[in-house]
Amino acid sequence: SRTVLLPDMRYSDDVQTRYRQRGYWGDEVLSDVVRAWASRHAKRTALLTERDDWDFVTLVARADRFGCHLAARGVSAGEAVILQHRNDTDFIVALLALLLLGAVPVLALPAHQQREVTHVAELATAVCYLGSEHAGIDTVALQAAVPSLCFSLLASPDRRFADWSDDAIGSLPRPAVRPEDIALLLLSGGTTGMPKLIARTHADYIYNFRASAALCAITAEDSYLAALPMAHNFPLGCPGILGTLDRGGSVVVPPSSAAEEAFETIARHRATLTALVPSLAALWLEAAEWERPDLSSMRLVQVGGAKLDAATADQLASKFGCVIQQVFGMAEGLLNFTRLDDPPDLIAATQGRPLCDDDEVRVVDDRGQDVPTGDVGELLVRGPYTIRGYYRATDYNRQAFTPDGFYRSGDRVRRLASGHLIVEGRIKDVINRHGESIAADEIEACLRDHPAVRDAAVFADQLAGYDEAIHAAVISDDATLTLNDVRAFFASLRVAAYKWPDKLSHIRQFPLTPIGKVDKRQLATLLREPAAPNT
Ligand code: J2J
């Protein structure tokens, strides 16, 4: 059950050669990188949480020991292991343990429920589930549903992965994996159906976090505050946890991402940078009005995952008194960053430009023709850290990628002469709620499973800034069906709560497009408009 790149996920031989020759892809695998941290950064601080203050030697030793335990339980290089954990020491220890072992972490979000976890475990043919009691996954049911799953381990505050000492001794041998092999599986919100698996290779992911760290000028003096869920590509490797540790900087984990706790942690540990989604940034800004926190140690605040409006960008810069960086990224690969020395207007009004000179970005019209500079079109991309196909999704890949290997992002963008991109909207049918992409059709399918719902269509309600809420329109014979009923139904399906509808409307029939699909734009206009009086 080794996790391997299938034919429709591979880079062609000449492309691989080019990426190696240009130095994007090297000879190391992630276990080499993590192992080297212990000697390169030895006694420097690696990890600070409420409970732990560890140097690199300690962090790598703990990961090694937990990895030995997993190896003793039969996990071997190339096998997929689900990791679902809140931001905490144990997330990092388990992640590094799997990397040292050459096993392939599948990074489920803490919010994912039985439905999502079962789906990804099956798709990845995972051999093990590493979670916590916190996540509320029924591991007996999970193992019954997924035959490849041999065992599950649940961490708790008094039985941590970090202290899992029982039988394990010694240190793990270098795993038999190659730079072009799969290193980890990230989850995509997907544009249709259930989450897709994004296979990132050792070579591509090492490039991803090292190039991001260089762009952000990370040094051993930096201290990264991990506010977003670590399973996300952004806080994990852009440069995030891996990019900061690689340069000898430290990772600081606040008790939660709530402003008060984050501010206190920043002040106490003199954190220098963090990554936020716009909705969290807005909450922090609001709280900063009252709290008057000491943010003087901060030098960089990255914001991405959803569009940041220029006014909020400016407020952030003045409140934090530091450089703001817009990041328009995707777990599939391509990362756009504003540069630290970009003029303030580019930082406030664009979503950055590509990380790599060999990121081939095209902006195309609906016939796939390149549009002139400055015009809006769909962003297509190919490059040294962008996937060529989702994992085990041959049919879906035919629509998600062009025949010559460009990923169709589904984002509508405008490219300036400087190469900076402005995100103008999207053509994919997803809702971007607090930076989390949610496929409309997955939610519609759940709604249709409700006995009182005949048909359903889901679309985004615009909130303040560019944030969005999930608005569900249903055709139902039961006019008394409420939002609470629907949310209770989603809970019974064990769907992650961030995907539950925020608003419910009843409608008699859906407006249709000329080819007979639900016209969501018109639907949104109909249901957003307050009802005119006396009609
Ligand atoms: C508008 N839309 C954005 C932005 C992402 C860094 C940052 C973000 C992600 C991420 C990531 C946006 N403005 N600044 O992986 O490493 C929307 C786009 C995009 C989708 C990708 C990273 N930044 N988006 O958000 O895979 O629609 O990655 O295609 O979760 O989020 O979502 P995801």
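Below: a short report on this structure. (Residues numbered from 1 in each chain as written. Predicted model: local features only at pLDDT ≥ 70, side-chain atom pairs only at ≥ 80, totals over all residues. Heavy atoms only, no water.)

1. Thoughts on the overall build of the protein
Here is the rule we go by: Labels follow the DSSP assignment, with helices taken as runs of H or I lasting at least four residues and strands as runs of E lasting at least two, numbered in each case from the N terminus. For this measure, only C-alpha atoms enter the radius of gyration; the expected value for a globule follows 2.2 Å times N^0.38, where N is the number of residues. A simple rule labels every residue: compare its accessible area, found with a 1.4 Å probe on the protein chains alone, to the largest value its type can have, and call it buried under 20%, exposed over 50%, or partly exposed in between. Only the protein chains shown count as covering a residue, and every accessible area follows the Shrake-Rupley method with a 1.4 Å probe.
When its secondary structure is counted, the protein shows 17 helices and 24 strands. Compactness check: the protein gives a C-alpha radius of gyration of 23 Å against a globular reference of 24 Å for 535 residues, within 12% of the reference. Referenced to the eigenvectors of the C-alpha coordinate spread, the extents of the protein come out at roughly 75 × 55 × 55 Å. Looking at the protein residue by residue over its 535 residues, the buried ones come to 59%. Carbon and sulfur atoms form 50% of the exposed surface of the protein, whose accessible area is close to 21,400 Å².

2. Some points on unusual backbone geometry
Note: most peptide bonds trans; most residues except glycine with negative phi. With an omega dihedral of -10°, the bond running from C238 to P239 counts as a cis peptide bond. Its place among the elements puts P239 in the loop between α8 (233-237) and α9 (240-246). Positive phi, normally seen in glycine, also occurs at R392, with a value near 50°. Of note, R494 is a non-glycine position whose phi angle comes to about 60°, a positive value. Looking at the secondary structure, you find R494 in the loop between α16 (483-492) and β24 (503-506).

3. Focus on the site of the ligand
This is how the line gets drawn: Consider each residue's heavy atoms; a residue with any of them within 4 Å of a molecule or strand counts as near. Pairs of N or O atoms are called polar contacts if they sit within 3.5 Å, as long as, within protein, a hydrogen donor faces a hydrogen acceptor (for residues adjacent in sequence, only side-chain-to-side-chain pairs). Here the nonpolar group is Ala, Val, Leu, Ile, Met, Phe, Trp, Tyr, Cys and Pro; Asp, Glu, Lys and Arg are the charged ones; every other residue, Gly included, is treated as polar.
Residues in contact with the ligand amount to 19 residues; listed here are only the nearest, N233, V327, A331, D411 and K428. The contact in question runs from an oxygen atom of the ligand to an N or O atom on the backbone of A331, over 2.9 Å. Taking 610 Å² as the accessible area of the ligand by itself, protein coverage stands at 92%. For the shell around the ligand, the secondary structure elements donating two or more residues are α8 and β13 (323-330). Here the element with the most residues in the shell around the ligand is β13; it accounts for 4 residues. Residues belonging to the shell around the ligand are distributed by class as follows: 9 nonpolar, 7 polar and 3 charged.

4. Let's talk about the side chain of Q302
Stated formally: For this analysis, residues touch if any pair of their heavy atoms sits within 4.5 Å.
The residue Q302 is located in strand β12 (residues 300-304) in this model. On the accessibility criterion, Q302 (0% relative accessible area) is buried. A polar contact of 2.9 Å, which involves the side chain of Q302, links it to the side chain of Q325. Excluding its chain neighbours within four sequence positions, the residues that come into contact with Q302 are C216, Y224, F234, C238, P239, T274, A275, L276, Q325, V327 and F337.

5. So, the environment of L225
Here L225 lies in strand β9 (residues 223-225). As a C-alpha pair, L225 and P254 span 29 residues in sequence and 7.3 Å in three-dimensional space.

6. Comments concerning the pairing of β24
Our working rule: One bridge is not enough; two strands pair if DSSP finds at least two bridges between them. By the criterion used throughout, a crossover qualifies as right-handed when its path from the first strand across the helix to the second strand runs clockwise, the strands pointing away from the viewer.
Sheet analysis places strand β23 (residues 468-476) next to β24, joined by 4 bridges and oriented parallel. Looking at β24, one finds that A473 is bridged to S505. Considered for its hand, the β-α-β crossover made up of β23, α16 and β24 is right-handed.

7. As for the packing of aromatic side chains
Rules: Paired rings are identified among Phe, Tyr and Trp, the last through its six-membered ring, by centres lying within 6.5 Å, and are further divided according to the angle between planes into stacked (under 30 degrees), edge-to-face (over 60) and tilted (the rest). Any Lys NZ or Arg CZ that is within 6 Å of a ring centre and within 35 degrees of that ring's normal is treated as a charge sitting over the ring.
Taken as a whole and judged by the stated rule, the model has 17 aromatic pairs. A centroid spacing of 5.5 Å and a plane angle of 45° characterise the contact between F401 and Y407, whose relative ring orientation is tilted. Overall, Y407 belongs to the buried group, its relative accessible area being 5%. Ring pairing ties together the aromatic residues Y11, Y19, Y24, W25, Y207 and Y385, which thus form one cluster. Above the ring of W164, the side-chain terminus of R159 is found at 4.1 Å from the ring centroid.

8. Details of the packing of helix α10 (residues 259-269) against helix α11 (residues 278-291)
Between two packed helices, both the angle of their axes relative to each other and the distance between the axes serve to describe the pair. Rules: Axis geometry follows a simple rule: fit a line to the C-alpha atoms, using only the stretch in contact for helices, then measure angles between N-to-C directions, giving values from 0 to 180 degrees. The cut-offs work like this: below 35 degrees is roughly parallel, past 145 is roughly antiparallel, 65 to 115 is roughly perpendicular, and the gaps in between are oblique.
It is the contact of α10 with α11, at a shortest axis distance of 9 Å, that shows an interaxial angle of 70°. Taken together, the axes of α10 and α11 are roughly perpendicular relative to one another. Every residue of α11 that contacts α10 at A259, E260, A262, F263 and I266 is listed here: L283, W284, A287, A288 and E291. Looking at the contact of α10 with α11 residue by residue, the classes come out as 8 nonpolar, no polar and 2 charged.

9. A look at the packing of helix α2 (residues 30-40) against helix α7 (residues 202-215)
Where α2 contacts α7, the axes come no closer than 9 Å and their chain directions differ by 45°. Considering their axes alone, α2 and α7 lie oblique with respect to each other. Mapping the contact onto sequence places L30, V33 and R40 in α2 and H202, I206, F209 and R210 in α7. For the contact of α2 with α7, the per-class residue count stands at 4 nonpolar, 1 polar and 2 charged.

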